[in-house]
Amino acid sequence: MTQISVRVEDDVKKKAEEACSEIGLSLSAAINVYLIKLGREKRIPFEVSVDPFYSDENMNRLRQAIADVAAGRSTLKEHELIEE
């Protein structure tokens, strides 16, 4: 057996431990399952994707909005955030 040290944000670890507990695993066991699958399948065993917020289309839209405000063609508007 070997030991691996990994630094993660406190809230990330807490949420992962809670999720593992709900399915009856320790965080260590869940990480072992992940590493076994990674080694066996030679791939990350779940989808990894880019946050759509940073898509080219959205970034261009944001740049245009900033330019519109800077040029006086638009103003900033306050709104309430919707919690999910």
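The paragraphs below set out a description of the structure included in this document. (Residues numbered from 1 in each chain as written. Predicted model: local features only at pLDDT ≥ 70, side-chain atom pairs only at ≥ 80, totals over all residues. Heavy atoms only, no water.)

**Considering the overall build of the protein chain**
Step number 1: Helix and strand counts for the protein chain come out as three helices and zero strands.
Step number 2: The helix and strand sequence of the protein chain, counted from the amino end, reads α-α-α.
Step number 3: Compactness check: the protein chain gives a C-alpha radius of gyration of 21 Å against a globular reference of 12 Å for 84 residues, more than 25% above the reference.
Step number 4: Seen through its principal axes, the protein chain has C-alpha atoms that stretch 65 × 30 × 20 Å.
Step number 5: With the model as given, the accessible surface of the protein chain reaches about 8,400 Å², and the carbon-plus-sulfur share is 55%. (Helix = DSSP H or I, 4+ residues; strand = E, 2+ residues; numbered from the N terminus. Rg over C-alpha atoms; globule rule 2.2 N^0.38 Å. Areas by Shrake-Rupley, 256 points an atom, 1.4 Å probe, with all protein chains shown as cover.)

**Structural notes on the pattern of salt bridges**
Step number 1: Evaluated as defined, the whole model comprises five salt bridges.
Step number 2: Connected through shared salt-bridge partners, K37, E41 and R43 make up one network. (Salt bridge = Lys/Arg side-chain N within 4 Å of Asp/Glu carboxyl O.)

**Topic: the packing of aromatic side chains**
Step number 1: One pass over the full model with this rule turns up two aromatic pairs.
Step number 2: Judged by centre distance (5.9 Å) and plane angle (35°), the rings of Y34 and F46 are tilted. Placement of Y34 in helix α2 (residues 27-41) and of F46 in the loop between α2 and α3 (56-70) is noted, with a sequence separation of 12 residues between them.
Step number 3: On the numbers, 5.0 Å between centres and 85° between planes, the contact of F53 with Y54 is edge-to-face. (Phe/Tyr/Trp six-rings, centres within 6.5 Å; stacked < 30°, edge-to-face > 60°.)

**Concerning α3**
Step number 1: Between its terminal C-alpha atoms α3 stretches 21 Å, which fits the 21 Å expected from 15 residues at 1.5 Å a residue.
Step number 2: Note on α3: the residue one or two positions beyond its end, G72, has a positive phi of about 80°. (Expected span 1.5 Å × (residues − 1).)

**Focus on the environment of V48**
Step number 1: Structurally, V48 is set in the loop between α2 and α3.
Step number 2: Placed 15 residues apart in sequence, V48 and V33 show a C-alpha to C-alpha distance of 17 Å.

**A short note on a nonpolar patch on the surface**
Step number 1: On the surface, a cluster of nonpolar side chains totalling about 540 Å² of accessible area is made up of I4, V6, V8, V12, I31 and L35.
Step number 2: Relative to the helices and strands, L35 is located in helix α2.
Step number 3: Using a relative accessible area of 35% as the deciding quantity, one classes L35 as partly exposed. (Patch = residues over 30% accessible without salt bridge, like charges linked within 9 Å, V, L, I, M, F, W, Y side chains within 5 Å. Buried < 20%, exposed > 50% of the residue type's maximum accessible area, 1.4 Å probe, protein only.)

**Regarding α2**
Step number 1: Between the first and last C-alpha of α2 there are 21 Å, a value that for 15 residues agrees with the 21 Å anticipated at 1.5 Å per step.
Step number 2: Just past α2, the residue K42 takes up positive phi, approximately 60°.

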